[in-house]
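# A structural walkthrough
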Amino acid sequence: MGRYEAIIVGGGFAGLACASIMPGRRIVLLERHASVVEQHRGCLGLWIQAGQGLEIQAEDVFLPGIGLLVEGGVLGRLGRIEITGQRERVVLPLGRPLTVLNRSRIKSALLKRVQDSGVEVRVEAPVREVHAGGREVRVRADEDHVGRILVGADGANSLVARSLPLRRQELAVIFEREAEVDRLDLPPETLHIQVDDIRNLFFAYAAGGRFLASVIQVVGPRGVPSDLDARLDDRIERLGAGRRLVARSAIARMSEPSPISYRDNVVLTGDALAAYGLATISGALCMGALAGRSVNRFLAGSRYALPDYHQRWRQQTRQSLIEKLRWILPLVDRIHGDRADRMIRALRGSGGGPVSSVWWRLPHVLARLFV
């Protein structure tokens with residue numbers, strides 16, 4: 001049995017960021033896969049600013065909350081979006097390019113920082129049971145681990161969150177299939193989005209000498225997805241796909257925003273806590289760093305560390321804004337094939353200007369939901 005000051009479950013961006021903030025502490029990080037760095041689940045990997053998680057500096061990425069510069073952290077940039085429906089198509093230049101992140105390089109840099117600070121990283125250690133309450137927490141994984149505080153950074157399907165117990169209404173389930181291929185017929189620096197309806201999307205883009213293609217389907221809490229592999233094969237065939245190099249999949253449950261971020265000596269962070277279970281990479285880094293600082297203060301004897309964390313992570317990741325977006329969901333349900341085409345046609349009427357200049361046409365575009 002191992003005894004630690006803190007146990008961190010999950011070796012994603014949030015878990016690594018959390019562990020990197022506590023040098024000198026006796027900490028164990030448990031990751032269920034055989035590698036922390038290797039990507040196991042589908043993820044578009046685009047940088048969407050959500051909190052103070054990272055800064056782009058030419059081809060490098062700086063993590064200000066951690067004080068870490070990752071050389072070569074930028075894999076590529078996308079300068080325009082191509083949206084296609086059943087019959088319509090529009091190309092929108094981006095006033096500010098989207099950044100494609102080199103996730104493995106960022107994780108490698110974080111892992112080195114974590115290991116250099118003395119954190120014990122255990123891979124192939126899936127957590128089976130969590131017992132919280134009292135002065136200690138107990139986690140059963142490859143062996144039993146006991147600690148003063150537990151950090152749940154184990155994703156949207158978090159076992160740690162379920163152990164609190166924390167009741168959150170489940171809204172939907174996201175299913176994804178993703179493939180990397182060596183060739184697709186796409187214009188340079190273009191993010192291609194195919195909209196069958198708002199619950200069935202296809203994304204493709206080029207980065208780092210490869211092409212990434214992904215199909216995403218959103219179903220109800222008890223819904224069953226269609227054959228995603230067949231849909232992915234069909235889409236990439238239409239784009240002249242070359243040899244398939246890597247295949248990945250992901251399932252994430254979208255739940256209502258969590259009313260709490262901690263209870264007693266258990267703290268949640270990353271996708272385990274984010275609104276609807278969808279933290280961006282920068283959001284996960286921001287939340288993980290905040291959690292690490294708060295855990296450090298908790299271990300130093302502060303009674304206010306965890307309440308302060310609850311306030312700060314919501315502010316710095318703009319959760320209140322994200323949570324208000326729920327009013328859009330009834331409108332989103334109305335976007336199916338024909339309406340999607342009407343909205344794309346309305347976007348095309350913007351004259352092909354950059355995305356920033358399309359905002360003034362937004363009421364006209366939304367009107368296509370009802371007309």
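Keep in mind that this is a model prediction, so the values were computed, not measured.

## Thoughts on the sheet that holds strand E16 (residues 244-255)
A sheet is described by the order of its strands in space; here seven strands give the open sequence E7-E6-E13-E14-E15-E12-E16, paired in mixed fashion. At either margin of the open sheet sits one strand with a lone partner, and together these are strand E7 (89-101) and E16. Direction aside, the axes of adjacent strands within the sheet are offset by 20° on average. Where strand E12 (residues 170-181) and E16 come together, eleven bridges link them in antiparallel fashion. Note that in E16 the partner of Glu180 across the bridge is Val246. Packing against the sheet, helix H4 (residues 228-238) makes contact with E12, strand E13 (190-197), strand E14 (200-207), strand E15 (210-219) and E16, and its axis sits at approximately 140° to E15.

## Structural notes on the pairing of E12
Where burial is concerned, most of E12 is hidden: ten out of the twelve residues are buried. Two elements, E12 and E15, share nine bridges in a ladder whose sense is antiparallel. What sits directly across from Val173, in E15, is Val219.

## Digging into helix H2 (residues 103-116)
Along its 14 residues, H2 runs 20 Å from first to last C-alpha, staying within 8% of the 20 Å computed at 1.5 Å per residue. Of the residues making up H2, those classed as buried are Arg103, Ile106, Lys107, Ala109, Leu110, Leu111 and Val114. Gly118 sits one or two positions beyond H2 and adopts a positive phi of about 95°.

## Some words on H4
Those residues of H4 not exposed but buried are Leu228, Arg231, Leu232, Arg235 and Ile236. End-on view of H4: buried residues confined to an arc of 120°, all on one side of the axis. Among the exposed residues of H4, those pointing more than 90 degrees away from its buried face are Glu237 and Arg238. Next to the buried residues of H4 lie E12, E13, E14, E15 and E16. Its side-chain oxygen placed 3.3 Å from the backbone nitrogen of Asp229, Asp227 serves as the N-cap of H4. In the segment just after H4, Gly240 is the residue with positive phi, at about 70°.

## Brief notes about the layout of surface pockets
Of the voids in this model, the second largest pocket is the one considered here, and its volume is about 260 Å³. In terms of lining residues, the second largest pocket is bounded by 14 residues, among which Ala156, Asn157, Arg162, Arg168 and Ser255 are the most central.

Reading the values: the criteria
Residues numbered from 1 in each chain as written. Predicted model: local features only at pLDDT ≥ 70, side-chain atom pairs only at ≥ 80, totals over all residues. Heavy atoms only, no water. Pairing = 2+ DSSP bridges. Helix = DSSP H or I, 4+ residues; strand = E, 2+ residues; numbered from the N terminus. Axes fitted to C-alpha atoms, helices over the stretch in contact; angles between N-to-C directions. Contact = heavy atoms within 4.5 Å. Buried < 20%, exposed > 50% of the residue type's maximum accessible area, 1.4 Å probe, protein only. Expected span 1.5 Å × (residues − 1). Arc of directions from axis to C-beta. Polar contact = N/O pair within 3.5 Å; in protein donor to acceptor, adjacent residues only side chain to side chain. 1 Å grid on protein atoms, 1.4 Å probe; cavity = no way out; pocket = protein on both sides within 12 Å on 5 of 7 lines; lining within 4 Å. Points joined across faces, edges and corners; volume = space filled by probe spheres on them.

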